[in-house]
Amino acid sequence: MHGTVSDRGVPIITLSIAGQEWAAIIDTGFNGDLELPEILRDELNPQYVGRVTSALAGAQTIEEDVYLADFPFDGNIIQARTTFVIGSEILIGTHLLREYRLEIDFVRRTVVLEKVMIG
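Residues numbered from 1 in each chain as written. Predicted model: local features only at pLDDT ≥ 70, side-chain atom pairs only at ≥ 80, totals over all residues. Heavy atoms only, no water.

**Q** Just checking my understanding: could you explain the environment of D70 for this structure?
**A** Residue position: D70 is located in strand β6 (residues 60–73). Put simply, D70 and Q47 are 23 residues apart on the chain and 9.4 Å apart in space, counted from C-alpha to C-alpha. The contact partners of D70, leaving out residues within four places of it in the chain, are L44, I77, I78 and Q79. (Helix = DSSP H or I, 4+ residues; strand = E, 2+ residues; numbered from the N terminus. Contact = heavy atoms within 4.5 Å.)

In structure tokens:
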């Protein structure tokens, strides 16, 4: 998978979800799977699994509902733990990328995600 680094220095890849292209931010400070816009909830038919306490910047914490959702990623449908928020941004966390090598080249403004076969 290939992406770009935005003018603000944010690594972004494009995902196709529910017949629409979405910019997804790779958030290396987020150790979960996904944070998705509320408007995608009905498209993904998520299953509620419980509540989680999430740590945010500035030593803030919040309680959130967590769901399992079948999510299109890298040509496959994967099961990912997700939260839903008001807004239009998708955040991809490091747990979702645990089988990938991530290369961000800020000079060339490129992002490469490559699945790594272990074992």
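**Q** Teacher, can you tell me more about the layout of surface pockets here?
**A** Vacant regions in the atomic arrangement are exposed by a probe of water-molecule size rolled over the atoms. Space inside the largest pocket adds up to approximately 520 Å³. Lining of the largest pocket is provided by 21 residues; of these, F30, N31, G32, S54 and E64 occupy positions nearest its centre. Examining the composition of the lining of the largest pocket, we find that five residues originate from one element, strand β5 (residues 47–56), more than from any other. In terms of residue class, the lining of the largest pocket is built from eight nonpolar, eight polar and five charged. By volume, the second largest pocket is sized at about 200 Å³. It is strand β7 (residues 76–85) that provides the largest number of residues to the lining of the second largest pocket, a total of four residues. (1 Å grid on protein atoms, 1.4 Å probe; cavity = no way out; pocket = protein on both sides within 12 Å on 5 of 7 lines; lining within 4 Å. Points joined across faces, edges and corners; volume = space filled by probe spheres on them. Nonpolar A, V, L, I, M, F, W, Y, C, P; charged D, E, K, R; others polar.)

**Q** What is the right way to read the pairing of β6 from this model?
**A** Looking down a regular strand, the side chains alternate between one sheet face and the other. In this sheet, β7 lies alongside β6 in antiparallel orientation, the contact comprising seven bridges. Note that in β7 the partner of A69 across the bridge is A80. (Pairing = 2+ DSSP bridges.)

**Q** Explanation requested: the pattern of salt bridges in the structure shown.
**A** Charged atoms that come close allow side chains of opposite charge to pair. Under the defined criterion, the tally for this structure stands at eight salt bridges. Note that R41 and E38 form a salt bridge whose closest N and O atoms lie 2.5 Å from each other. Between R101 and E103 there is a salt bridge, with the nearest N and O atoms lying 3.2 Å from each other. What you see here is one network of salt bridges that share partners, running through R51, E63 and D65. (Salt bridge = Lys/Arg side-chain N within 4 Å of Asp/Glu carboxyl O.)

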